[in-house]
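Structural overview for review
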Amino acid sequence: MWLTQEVGEIVKNEYKTKEKLFEKEGVEVYDSGYFGKIVLAGGKALYCEHDSAMRHEIMAHTAMCTHEEPSKVLVIDGGDGALAHELLKHKEVEIDIVERNGAVPEAASAAGLYAEALEESRVSLVVGDLPEKLSAAEEGAYDIVFINRFDAMDFDDDTLIGQIGRVLGEKGLVVADASSQLFDMAGHKAVLGALCKEFKIVMPFSYTSMVRTGGECWLAMGSRFFHPTADINLQRADLTDGYTYYNSDVHIARFALPTGTFEQLKEYIRR
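Thresholds, definitions, all that
- Residues numbered from 1 in each chain as written.
- Predicted model: local features only at pLDDT ≥ 70, side-chain atom pairs only at ≥ 80, totals over all residues.
- Heavy atoms only, no water.
- Patch = residues over 30% accessible without salt bridge, like charges linked within 9 Å, V, L, I, M, F, W, Y side chains within 5 Å.
- Areas by Shrake-Rupley, 256 points an atom, 1.4 Å probe, with all protein chains shown as cover.
- Salt bridge = Lys/Arg side-chain N within 4 Å of Asp/Glu carboxyl O.
- Lys, Arg positive; Asp, Glu negative; His and termini not counted.
- Charge placed at Lys NZ, Arg CZ, Asp CG, Glu CD.
- Helix = DSSP H or I, 4+ residues; strand = E, 2+ residues; numbered from the N terminus.
- Buried < 20%, exposed > 50% of the residue type's maximum accessible area, 1.4 Å probe, protein only.
- Expected span 1.5 Å × (residues − 1).
- Contact = heavy atoms within 4.5 Å.
- 1 Å grid on protein atoms, 1.4 Å probe; cavity = no way out; pocket = protein on both sides within 12 Å on 5 of 7 lines; lining within 4 Å.
- Points joined across faces, edges and corners; volume = space filled by probe spheres on them.
- Nonpolar A, V, L, I, M, F, W, Y, C, P; charged D, E, K, R; others polar.

The subject of this paragraph is a negative patch on the surface. On the surface, a cluster of negative charge is made up of Glu68, Glu69, Glu92 and Asp231. By the secondary structure assignment, Asp231 is in the loop between β13 (216–223) and α7 (234–239).

Relative to the assigned elements, Glu139 resides in the loop between α4 (130–136) and β10 (142–147). Given the relative accessible area of 66%, Glu139 is considered exposed. Spatially, the C-alpha atom of Glu139 lies 25 Å from that of Leu118, the residues being 21 residues apart in sequence.

This part covers helix α6 (residues 185–196). Helix length check: α6 (12 residues) gives 16 Å between terminal C-alpha atoms against 16 Å at 1.5 Å per residue, within 8%. A large share of α6 lies buried, amounting to nine of its 12 residues. Among all positions of α6, only Met185, Gly187, His188, Val191, Leu192, Gly193, Ala194, Leu195 and Cys196 are buried. Along its buried surface, α6 packs onto α5 (158–167), β11 (168–177), β12 (201–208), β13 and α9 (259–265).

Before going further, it helps to spend a moment on empty space enclosed by the protein. Counting across every chain of the model gives two cavities of 30 Å³ or more. Considering only enclosed or pocket space, the largest cavity measures out at about 50 Å³ in volume. Lining the largest cavity are Val27, Val29, Val39, Tyr47, Asp80, Val104, Ala107, Ala108, Ala111, Leu113 and Tyr114. Looking at the lining of the largest cavity, the elements that each hand over two or more residues are β4 (27–31) and α3 (103–111). For the lining of the largest cavity, the element with the highest residue contribution is α3, accounting for four residues. Taken together, the residues of the lining of the largest cavity sort by class into 10 nonpolar, no polar and one charged. Of the pockets and cavities examined, the second largest cavity occupies roughly 30 Å³. For the second largest cavity, the full set of lining residues is Val27, Val39, Leu40, Ala41, Leu46, Asp80, Val104 and Arg149. It is strand β5 (residues 37–41) that contributes the most residues to the lining of the second largest cavity, three residues altogether. Residues of the lining of the second largest cavity, tallied by class, amount to six nonpolar, no polar and two charged.

Bringing unusual backbone geometry into the picture now. The phi torsion at Asp77 lies on the positive side, around 60 degrees, for a residue other than glycine. Here Asp77 shows up in the loop between β7 (72–76) and α2 (82–87). Judged by its relative accessible area of 1%, Asp77 is buried. Unlike most non-glycine residues, Ser179 shows phi in positive territory, near 60 degrees. As for its placement among the helices and strands, Ser179 is situated in the loop between β11 and α6.

These results come straight from atomic positions and should not be treated as a statement about function.
Structural data, given as structure tokens:
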């Protein structure tokens, strides 16, 4: 059985799988053997078992090692538990998760990957409406907000982006899945443009995926105060237990941009 991932009619990747372990409400989990378990939402691969660290360590620890002292974070669409698994490596942080698709936590349990992270006492999971959760949160309640799934977010919704800004503290920052520069530059620019409305520092950074089409993937950070390369906490970046991929050198390198790409994005980047 082959799992096909494609970007329009531009490029197509196929992955051999053994069996489908879970399917409900657009969420699927496959056992592939070579790539481990592959998690999909809306027909698009989020990550596989063997590249999870490449995505989730970069996403979680780049943010956690940029902010001076993060104590409470919000993960939007993190019901699979993978980001929570990484964030729990920071012993003082409390993690709120709002997941808009109730099948995602079920998929985590079926996959047997990160469901245990959702049971930790420092993790609070709510399945439901995102605007309702944001409206109920106090102003400045969070140090960091993670937007975990690009395809599930409307970055043209100024009200929603403004609500995310409202729940962040005065030195808060946000990290968002920002699609692909090679295959979806318009979507990538939409994320950066949305962050530019709320944050004085906006910078894209990359990670590598084994199952996302093309393998080249991007995140974006918007920060009100801390600079992701100038203010990196080296002790936290290099001495926290449990990393398999992330370190301070990787942190800084992931913000590098080719000259031509920077020229395309310079109106969206704030350094």
